[in-house]
Amino acid sequence: QMQLEESGGGLVQAGGSLRLSCLASERTFINYAMAWFRQAPGKEREFVAAISRTGGSTYYADSVKGRFTMSRDNAKNTVYLQMNSLKPEDTAVYSCAAGHLVGSRIIPYDDYWGQGTQVTVSS
């Protein structure tokens, strides 16, 4: 089973930036679309961003559009989430997942989730 490992989270001030990384353990990573989700305490998990297998298409939640950018480097088995202009409401555990795209919708595979990395944005 492919494993995913997120990194890059931390504590930042509002308006700051972070870059999250998600490293896949297997080269079969290239067969999957990838996505970022986040979950704050007491809230449901929400979609953040997704990217197609080749990186040619990206999709974003309205709440992060224009501030976050997702990319992937298939040669490094890694996807990234560049987060700029961070807001306190971005505070959450960010997790990456593998799946496939149906149109613009990401369908994550239940077994392919990372453990998450904490992002905390202070006001």
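Throughout what follows, the structure given in this document is the object of discussion. (Residues numbered from 1 in each chain as written. Predicted model: local features only at pLDDT ≥ 70, side-chain atom pairs only at ≥ 80, totals over all residues. Heavy atoms only, no water.)

### Looking at the overall build of the protein chain
Reasoning step 1: If you tally the helices and strands in the protein chain, you get 0 helices and 11 strands.
Reasoning step 2: Listing every helix and strand of the protein chain by position from the N terminus yields β-β-β-β-β-β-β-β-β-β-β.
Reasoning step 3: In summary, the protein chain has a C-alpha radius of gyration of 13 Å against a globular reference of 14 Å for 123 residues, a match within 12%.
Reasoning step 4: For the protein chain, the spread of C-alpha atoms along the three principal axes comes to 40 × 30 × 25 Å.
Reasoning step 5: For the protein chain, the proportion of its 123 residues judged to be buried stands at 41%.
Reasoning step 6: Residue pairs at least 24 apart in sequence account for 57% of intrachain contacts in the protein chain once pairs closer than 6 positions are excluded.
Reasoning step 7: Approximately 6,500 Å² of the protein chain is accessible, and the part contributed by carbon and sulfur atoms is 44%.
Reasoning step 8: Charged side chains of the protein chain number 12 positive and 11 negative; the gap between the two group centres comes to 7 Å. (Helix = DSSP H or I, 4+ residues; strand = E, 2+ residues; numbered from the N terminus. Rg over C-alpha atoms; globule rule 2.2 N^0.38 Å. Buried < 20%, exposed > 50% of the residue type's maximum accessible area, 1.4 Å probe, protein only. Contact = heavy atoms within 4.5 Å. Areas by Shrake-Rupley, 256 points an atom, 1.4 Å probe, with all protein chains shown as cover. Lys, Arg positive; Asp, Glu negative; His and termini not counted. Charge placed at Lys NZ, Arg CZ, Asp CG, Glu CD.)

### Quick notes on the pattern of salt bridges
Reasoning step 1: Per the stated rule, a full pass over the model turns up 4 salt bridges.
Reasoning step 2: Between lysine 65 and aspartate 62 there is a salt bridge, and its shortest N-O distance comes to 3.3 Å. Accessibility assignment for this pair places lysine 65 and aspartate 62 in one class, exposed.
Reasoning step 3: In this structure, the salt-bridge partner of arginine 67 is aspartate 90, at a minimum N-O distance of 2.7 Å. Residue arginine 67 is found in the loop between β6 (58–60) and β7 (68–73), and its partner aspartate 90 is found in the loop between β8 (78–83) and β9 (92–102); the two are separated by 23 residues along the sequence. Just as arginine 67 is buried, aspartate 90 falls in that class too. (Salt bridge = Lys/Arg side-chain N within 4 Å of Asp/Glu carboxyl O.)

### With respect to the nonpolar core
Reasoning step 1: Within the largest apolar cluster, 31 residues are counted, with the highest numbers of intra-cluster contacts made by Met34, Trp36, Met70, Leu81, Met83 and Tyr94.
Reasoning step 2: Secondary-structure elements contributing two or more residues to this core are β3 (18–24), β4 (33–39), β5 (46–51), β7, β8, β9 and β11 (117–122).
Reasoning step 3: Core analysis: the next-biggest nonpolar cluster, separate from the first, contains 6 residues, Ala35, Phe37, Ala97 and Ile106 among them. (Core = buried A, V, L, I, M, F, W, Y, C linked by side-chain atoms within 4.5 Å.)

### Quick look at the pairing of β8
Reasoning step 1: For β8, the buried fraction is high: 5 of the 6 residues fall into the buried class.
Reasoning step 2: Two strands pair when backbone bridges link them, and β3 and β8 are joined in this way by 6 bridges, in the antiparallel orientation. The residue of β8 that forms the bridge with serine 21 is tyrosine 80.
Reasoning step 3: Bridging between β7 and β8 involves 6 bridges; their strand directions are antiparallel. Looking at the pairing, threonine 69 lines up with glutamine 82 of β8.
Reasoning step 4: Where β7 hands over to β8, the hairpin turn is made up of 4 residues, of which asparagine 77 adopts a positive phi near 55 degrees. (Pairing = 2+ DSSP bridges.)

### A closer look at the side chain of arginine 72
Reasoning step 1: If you trace the backbone, arginine 72 turns up in strand β7.
Reasoning step 2: For the buried arginine 72, no salt bridge is present, and the opposite-charge side chain at shortest range is aspartate 73, 8.3 Å distant.
Reasoning step 3: A polar side-chain atom of arginine 72 sits 2.7 Å from a polar atom in the side chain of asparagine 74. (Polar contact = N/O pair within 3.5 Å; in protein donor to acceptor, adjacent residues only side chain to side chain.)

### Regarding the packing of aromatic side chains
Reasoning step 1: Overall, the coordinates contain 5 aromatic pairs when judged by the stated rule.
Reasoning step 2: Between tyrosine 32 and tyrosine 109 the ring centres are 5.8 Å apart and the planes differ by 75 degrees, which places this aromatic pair in the edge-to-face class. With tyrosine 32 in the loop between β3 and β4 and tyrosine 109 in strand β10 (residues 105–113), the pair connects residues that are 77 residues apart, well separated along the chain.
Reasoning step 3: You can call tyrosine 109 partly exposed: its relative accessible area is 31%.
Reasoning step 4: By the ring-pair criterion, three or more aromatic residues cluster together here, those being Tyr32, Tyr109 and Tyr112.
Reasoning step 5: The ring of phenylalanine 29 has arginine 72 lying over it, and the distance from NZ or CZ to the ring centre is 4.4 Å. (Phe/Tyr/Trp six-rings, centres within 6.5 Å; stacked < 30°, edge-to-face > 60°. Lys NZ or Arg CZ within 6 Å of the ring centre and 35° of its normal.)

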